[in-house]
Each structure stands twice: as C-alpha cells, then as structure tokens.
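Descriptive structure summary
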Amino acid sequence: MDSSLIVQYGPALLRGFGVTILCWAAGCAIGLVLGFALMLLRQLPIRPLQALIRAYIEIIRGTPFLIQLFLLYSGGPSIGLRLEATTAGILGLGLYGSAYFAEIFRAGYQSVPKGQVEAALSLGMSYGAILRRVIVPGMLVSTLPAIVNMMAILTKETVVLSIITVPELMYEMQTMAAETFATFETILGMALFYWLLVEVVSRLGRRLEARVTRFLSHSSNARA
Amino acid sequence: MTAVSEAAAPPAAAGDAVPMVSIRGVGKSFGTNEVLRDIDLTVNKSEVVCLIGPSGSGKSTLLRCVNFLEVYDRGDIRIEGKLVGYTEGTPRRRQSNRELRTLRRNVGMVFQQFNLWPHMTALGNVAEALVQVRGMDKAAAAARARQMLDRVGLAAKADAYPARLSGGQQQRVAIARVIAMEPHLMLFDEPTSALDPELVGEVLQVMRDLAADGMTMVVVTHEMGFAANVADKVAFLDHGRIAAFGTPREVFHESAEPRVRQFLQTYHERNSF
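I will try to describe carefully the structure that is included in this document. Every value quoted in this text rests on a predicted model; they were computed, and no experiment measured them. Each chain carries its own residue numbering, running from 1 in the direction its sequence is written. Both sets of labels track the order of writing: A upward for chains, 1 upward for ligands. Given that this is a predicted model, residues contribute local features only at a pLDDT of at least 70 and side-chain atom pairs are listed and counted only at 80 or more, while totals for whole chains, interfaces and linings are drawn from all residues. Computation of side-chain values covers all heavy atoms of the structure but excludes hydrogens and water.

Before going further, it helps to spend a moment on a nonpolar patch on the surface. Residue and element names in this part refer to chain A. On the surface, Phe184, Leu188, Leu192, Trp195, Leu196, Val200 and Leu204 cluster together to form a nonpolar patch covering roughly 740 Å² of accessible area. Secondary structure counts use DSSP, requiring at least four H or I residues in a row for a helix and at least two E residues in a row for a strand, with both numbered from the N terminus. One can find phenylalanine 184 in helix α8 (residues 183–212). Under the relative-accessibility criterion, phenylalanine 184 is labelled exposed at 59%. Patches in this entry comprise residues that are over 30% relatively accessible and not in a salt bridge; like charges within 9 Å are linked, as are nonpolar side chains (Val, Leu, Ile, Met, Phe, Trp, Tyr) within 5 Å. Computed with the Shrake-Rupley method and a 1.4 Å probe, the accessible areas treat only the protein chains shown as cover for residues. A side-chain nitrogen of Lys or Arg and a carboxyl oxygen of Asp or Glu constitute a salt bridge if their distance falls within 4 Å. Buried means the residue's accessible area, taken with a 1.4 Å probe over protein chains only, is under 20% of the maximum for its type, while exposed means over 50%, and partly exposed covers the values in between.

Here it is as structure tokens:
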C-alpha cells in the first residue's frame, strides 16, 4: 500500500465522504417527511388519493433506484426539470426513501392500539393533539428499529449517486482507482468508510431506541 | 374530593327537568345485523344506571353511542338536552369534530382495557387533557393531576409508567384522568372485566365513592353485586333491546321476564362453587 496515495487523494476522499453524508442526511430528511405525509394522506377516506399513493409506493419499491435516478436526472430535462447532479441525487434518494418510510409509518400507525386513541377522543382531544401526543410517540416505539434499518440501507444506496456524477465518496474513489490503478486500496478504503457510517447510524439508533422505550423497561411482573 | 363534588353537583336552579341522558328510539345495525333496536332510556342527574345482560346483547355498543365513539343510525341520544353526534332538524347531518369535542368534554369514559398512554407517567396521563383540552398551563395541570391521583389513592405512583402498575392501579389512574376533567357524566365500559379478581374491589370502591359524591354514571358491568348495591336503576339488555328496566330490586328479584331469570341463574351458577 502506497502511503503517498493518501496524501495525494486524502482531501478529495474526505470531501467525497462529506458529500456522501450530506446526500444521505438530506435524502433521509426528505424521505422521512414525505413518507410521513404520504402515510397521513393515505388515512383520508379519499379513494383516488389512496390509489395514487399506493401506486407511487409500488412503483418506487418495484424499480431499481439506479433507474429512478437516471429518469430524474437524464429524463427530467425532457419535462423541463433540469437539476444539478447533487440536487437530483438528494431528491432521488428522498423520493426512494419516502416509499419505504411511508410503509413503515403505516404499519406503525396501525400498531397504536385503537383504545388509546378512543381514550383521547373521549376526553375531547383534537386529532392534531392525538397525533402529536398519542399516535406519534406510540409509532416511534414500534417503528424505530425499521426506520434506523432503512436509514442504514440508504447510506449504502448513496453509492449509486456516483453514476450521475455526484462527487460523493464512490465517485472520488473511482477517480482515484482510475488514475492510480490502486484498486485494492480503493475497495478496502470504501468498505471501511461505509462500514463506519453504518456503524455510527446503528449505534445512534440503538441509543434512540433505548430512550423512546425506557417507559417499557422494568415492566416488572405487574399483571392486569 | 372537592373537585369531584363540584363536578357532580347539579346546578341549583333550572335544568333539573332536563335529564342527563335521554335515549329515544335508538337503533343501530352492522350490515344486516341489528345490534340495537328501539332503545329508550333516561338517566337523571346523579343517578347510577347499570347496563347488564349477556355478551353480544348490545350494552357496550349502546354505551359507546352515548359519546358517539359508535355511530347510531336511528333515534336520538341527548346529553343535557343536546343531541349527540347529529345536528338538529331534518335531514340531520353529522356534527363537526369541533362540536363533538365540545360535547365529549363533559362526558368521561372508562374502558375495559384502561387505555392509558404507555409513554406517559400516571401523572402525565391525568394532566394531558387538562393541558390539551382545557388549556391549563403545565404546572397547574400537574398540581391538579396530583390531587386526582390522591383522590383514587395513587399519589405515591404519580411518576410510575403504566407498565409498572397493576391492572387495578391502571384503572384507577384512568378514572383519575376522567374526573380531572370534571365531567357531568361518566360512562364505564366493563371497568373491572380485565382485572384479576383480587383487584376488582379497589376499582369498585372508587366507583362507589364517585356515586356517593353524586356523579351521574352509566355502567356496563358483570358485577351484579355492584349493580344491586350501588345502582339506582338497572337495565337488562338482550338481543339489542331493553328486556327489563327498574330498580335493582325490581330487576333482580321481581322481574318475571324469563330471559332475566335465566341470565341471573347462569350468573349464580358460575359464581358458586
């Protein structure tokens, strides 16, 4: 392994790593917000809207992310949507994630016992208050592992963004490999970076889980 | 103690003629299955009315219609003269959510499964609606919640999450959550059915205290002892109809209605050993 490579390409790789994290974080944020909104809209008793959202979710989940990204970036201009590579990458990642997050949230919404909502209704609480104070906290408990899992998956999906020339880690690594033929170092370095990122995400996730489920711990053997 | 008495005290002047709950000709169907048929029932202020009957007789459904958690199809339900769930006049329309909320503020409900919010402490459960519905500030709501927990004998458990409480304690917290809102009327949907036998007594005691303080209560129950000793009126439901109605004495001892006799006999057999 040639250490001069690190000096030469280090800054570019670090920049790439930064771009990867930026795309991932922004993509997750868009995915989570949009996914939650889709889940809520789907609760409305409007059949065409429900069908539309279901179709969106099925299409996103049924096609490769790579193709979605191509469509958005290369096909976008033909309908007047001209996006810069990084913007397209972030948006694509967000749209991709939103379909999965919407499904996770839907399962979470349904997992909140109906009785807890009825108790809130019977006390005269508004739907907004019930959503904020009863449903979302309940959902968080049941869905957090799945949310963290999806976020970890999305860290790895960011490599696809290199295809549309987003200067993220994969892109910088490929540049380095092409210029130096140091293929082994490149692949090893990449694996290390992504593993590090996934590890950090899942650790944070575990911490968060412990936090939101603390009221369930020490449930003792109190019986009904 | 004081808050409950205040809530339960009927207004000094006027209004005494208007019943707390008036149910007239109420019917409901799930598809072709008629679960409630032509129900008439009046509950006056400070009365305790128990709904008894075999499972599937419609008593829980009727109770849930009173605060419109369940939609009834025919007839009228009025609370303090105000129509529940529908606008006055014909053709009638469903009330807006806002109107329903206003109505529900005065009607507390206690559920078989307690339905506490597991992510909030006992105190948090009781304080929540005070903040969200009554608009109290957090400190005042917490202080009031503490009083209410004290009222049901659980001041020491204020900071415990529901998962750490026994079923009887959870149900008492659920009752505290309701009485904190100073309801004019309380609905109980089999409040002791999910409890181990040794925990039933503590919940019934709290309910007895409420009744003694003059709270108007409609109670769906299988506790015949409670119905016999605490209720002013007992309604026996069977196949969606009120098959017998009267004082506990009239229903339990003097009713000639064969279905009532059979139900009570089954009950006695099950509870003797």
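So that's the structure; there's more coming.
In this section: the sheet that holds strand β8 (residues 216–220) of chain B. To summarise the sheet geometry, strands pair through backbone hydrogen bonds and adopt either a parallel or an antiparallel arrangement. Residues and elements named next belong to chain B. Taken in spatial order, the six strands line up as β6-β7-β8-β3-β9-β10 in an open sheet, and their pairing is mixed. A single partner strand is all that each edge strand has here, and the edge strands are β6 (107–110) and β10 (241–246). The average undirected angle you get between the axes of adjacent strands in this sheet is 15 degrees. By this definition, two strands are paired if DSSP reports at least two bridges between them. Where strand β3 (residues 48–52) and strand β9 (residues 233–238) come together, four bridges link them in parallel fashion. Paired with valine 49 across the two strands is lysine 233, which belongs to β9. The angle between two axes is taken between their N-to-C directions and runs from 0 to 180 degrees, where each axis is a line fitted to C-alpha atoms and a helix contributes only its stretch in contact.

Before going further, it helps to spend a moment on the packing of helix α6 (residues 167–179) of chain B against helix α7 (residues 197–212) of chain B. The angle between the axes and the distance between the axes are what describe a pair of packed helices. Residue and element names in this part refer to chain B. Running from N to C, α6 and α7 point in directions that differ by 20 degrees, and their axes come no closer than 8 Å. Judged on the interaxial angle alone, α7 and α6 are roughly parallel. As for how α6 packs across α7, the hand of that crossing is right-handed. Contacts from Gly167, Gly168, Gln169, Gln171, Arg172, Ile175 and Ile179 of α6 reach α7 at Leu199, Glu202, Val203, Val206, Met207 and Leu210. Any angle from 65 to 115 degrees is called roughly perpendicular, while one under 35 is roughly parallel, one over 145 is roughly antiparallel, and all others are oblique. Two helices cross in a left-handed way if the nearer one is turned anticlockwise from the farther one by less than a right angle. They cross in a right-handed way if the turn is clockwise. Contacts between residues were defined by any pair of non-hydrogen atoms, one from each residue, lying within 4.5 Å.

Let us now look at the pairing of strand β7 (residues 185–189) of chain B. Residues and elements named next belong to chain B. Of all five residues that make up β7, five are buried, and the element is covered over most of its length. Residues of β7 alternate between two faces, with Leu185, Leu187 and Asp189 on one and Met186 and Phe188 on the opposite face, all of them buried. Here four bridges tie β6 to β7, and the two strands are oriented parallel to one another. Within the sheet, the bridge partner assigned to valine 107 lies in β7 and is leucine 185. Alignment of β7 against β8, held across five bridges, turns out to be parallel.

Glancing now at the side chain of glutamine 50 of chain A. Residues and elements named next belong to chain A. Within the secondary structure, glutamine 50 is located in helix α2 (residues 47–62). A relative accessible area of 19% places glutamine 50 in the buried class. The contacts of glutamine 50, once residues within four sequence positions are left out, are Arg42, Leu44 and Pro45.

Attention now moves to the interface of chain B and chain A. Counting from both sides, the interface comprises 32 residues of chain B and, opposite them, 25 residues of chain A. Summed over both sides, the interface of chain B with chain A buries roughly 2500 Å², with 59% coming from carbon and sulfur. The tally of links from chain B across to chain A stands at two salt bridges. When the shortest N-O distance is used, the salt bridge between glutamate 118 of chain A and arginine 64 of chain B registers 2.6 Å. Polar contact is the term for a pair of N or O atoms within 3.5 Å; when the atoms are in protein, one must be able to donate a hydrogen and the other to accept it, and sequence-neighboring residues count only if both atoms are side-chain atoms. There are five residue pairs in polar contact (both at pLDDT 80 or more) connecting chain B and chain A. Looking at the side of chain B that touches chain A, the elements with two or more residues in it are α3 (97–104), β6, α4 (122–132) and α6 of chain B. Here the residues of the side of chain B that touches chain A are counted per class, giving 18 nonpolar, six polar and eight charged. Throughout, the accessible surface (probe 1.4 Å) given up by two parts as they are put together, summed over both, is called the buried area. Amino acids outside the nonpolar list (Ala, Val, Leu, Ile, Met, Phe, Trp, Tyr, Cys, Pro) and the charged list (Asp, Glu, Lys, Arg) are all regarded as polar, and Gly is one of them.

All names here are of chain B. The step from threonine 90 to proline 91 runs through a cis peptide bond, and the omega angle for that step is -10 degrees. Tracing the backbone through its elements, the reader meets proline 91 in the loop between β5 (82–83) and α3. For aspartate 38, which is not glycine, the phi torsion reads 50 degrees and is therefore positive. For aspartate 38, the position within the fold is in strand β2 (residues 33–43). Positive phi values are uncommon outside glycine, yet phenylalanine 68 reaches one of about 65 degrees. Relative to the helices and strands, phenylalanine 68 resides in the loop between α2 (59–66) and β4 (74–79).

With that settled, consider the state of the cysteines. Throughout, a disulfide means two cysteine sulfur atoms within 2.5 Å of one another. For the structure shown, the criterion picks out zero disulfides over all chains. Summary of cysteine pairing: cysteine 28 of chain A is not part of a disulfide, and the nearest cysteine sulfur, belonging to cysteine 23 of chain A, is at 11 Å. Using a relative accessible area of 3% as the deciding quantity, one classes cysteine 28 of chain A as buried. You can see cysteine 65 of chain B has no disulfide; the closest cysteine sulfur is in cysteine 50 of chain B, sitting 19 Å from it. Look at cysteine 65 of chain B and you get buried, because its relative accessible area is 0%.

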